[in-house]
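Each chain, letter by letter, is given below.
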Amino acid sequence: MSTMEADADRVASVSAVGGRRQGRLRERSDVEERKVNQPGLTEAQAARSLRMAQTAARVAAEQRGRDVVILDMREVTPIFDYFVLATGSSRRQLHAMSEEIDHALEDDLGDRRQGIEGYDGSQWILLDYGNVMIHLFDDDTRKYYALEELWGGAQRVPVPEASRTASE
């Protein structure tokens, strides 16, 4: 391949990436426009996201998760509404929190998880519910990534108290 052909390929590649980037920007502005043109929709979505975050936090606390935190991400990034963070003491506990959160959000609120990462490794399980991201950590991983510090501009939302169980 000649130098000119290689340069042409690079330009075409950069143009394609730029086109995809422009397409994503157009899609994002289309979403923003739809939100503006549908009064009340964003308030309803925000209320739903908050309810999801609070439910996930409550379930994590009920499963004896420690240091449960809800971060309101709406003023910090347009990508997420809320982060829920919790620490577990063992792989088994992290799995139990993850599974119980899934059950509560699906059964009680009708939301399905869009993705999950880290379940097999169990040092950091990430549950992706679109506007709400749930981070379940072991102690060392939570300290290492320090998401509360990384997203220090996010406001904290009060965590609902865990429901009392029959065994308590």
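Our subject is the structure listed above.
Quick notes on the rules
- Residues numbered from 1 in each chain as written.
- Predicted model: local features only at pLDDT ≥ 70, side-chain atom pairs only at ≥ 80, totals over all residues.
- Heavy atoms only, no water.
- Pairing = 2+ DSSP bridges.
- Helix = DSSP H or I, 4+ residues; strand = E, 2+ residues; numbered from the N terminus.
- Expected span 1.5 Å × (residues − 1).
- Buried < 20%, exposed > 50% of the residue type's maximum accessible area, 1.4 Å probe, protein only.

(A) The pairing of strand β4 (residues 124-128), seen in detail. Of the strand pairs in this sheet, strand β3 (residues 115-117) and β4 are connected by three bridges, and their pairing is antiparallel. Bridge pairing in β4 links glutamate 117 to leucine 126. Linking two consecutive strands that pair antiparallel, namely β3 and β4, is a turn of six residues; a positive phi of about 80 degrees is found at glycine 118 within it. Where β4 lies against strand β5 (residues 132-137), five bridges are found, and the strand directions are antiparallel. The residue bridging leucine 127 from the neighbouring strand is isoleucine 134, located in β5. Hairpin remark: β4 followed by β5, antiparallel, with three residues in the connecting loop; positive phi at glycine 130, about 80 degrees.

(B) Here's a closer look at helix α3 (residues 91-109). The terminal C-alpha atoms of α3, which comprises 19 residues, lie 26 Å apart, in line with the 27 Å expected from a rise of 1.5 Å per residue. Those residues of α3 that sit buried are Gln93, Leu94, His95, Met97, Ser98, Ile101, Asp102, Ala104, Leu105 and Leu109. Looking one or two places after α3, you find glycine 110, whose phi comes out positive at around 75 degrees.

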